Amino acid sequence: MTKAKAGVDQNLQNVVDDLEQPAVNSHHAQQIQQDINDRRHQDALNHDKTEDRDPSHS
């Protein structure tokens with residue numbers, strides 16, 4: 001991975017790095033996509049701010 005340059009969005013830089021890696025075949029492409037899906041799912045779990053609306057549990 002490259003170093004972040006001043007004023008450059010790190011997320012966009014990571015996307016560019018990912019796009020520069022060609023998939024070897026359909027299996028490899030599926031593995032790359034699954035890794036992306038797993039990261040998005042974990043990110044969603046980490047940012048889930050739902051609260052228990054039943055006050056009897058407190």
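That block above? That's the structure.
Residues numbered from 1 in each chain as written. Predicted model: local features only at pLDDT ≥ 70, side-chain atom pairs only at ≥ 80, totals over all residues. Heavy atoms only, no water.

Structural notes on the pattern of salt bridges
Under the definition given, this model contains 1 salt bridge. Put simply, D35 and R39 hold a salt bridge, and the shortest N to O gap is 3.2 Å. Taken together, the residues span about one helical turn, with D35 and R39 both in helix α2 (residues 26-46) at a distance of 4 residues. By relative accessible area, which is 59% here, R39 ends up exposed. (Salt bridge = Lys/Arg side-chain N within 4 Å of Asp/Glu carboxyl O. Helix = DSSP H or I, 4+ residues; strand = E, 2+ residues; numbered from the N terminus. Buried < 20%, exposed > 50% of the residue type's maximum accessible area, 1.4 Å probe, protein only.)

Thoughts on α2
Spanning 21 residues, α2 covers 30 Å between terminal C-alpha atoms, matching the ideal 30 Å at 1.5 Å per step. If you check the start of α2, you find a side-chain oxygen 3.1 Å away from the backbone N of H27, and it comes from N25. (Expected span 1.5 Å × (residues − 1). Polar contact = N/O pair within 3.5 Å; in protein donor to acceptor, adjacent residues only side chain to side chain.)

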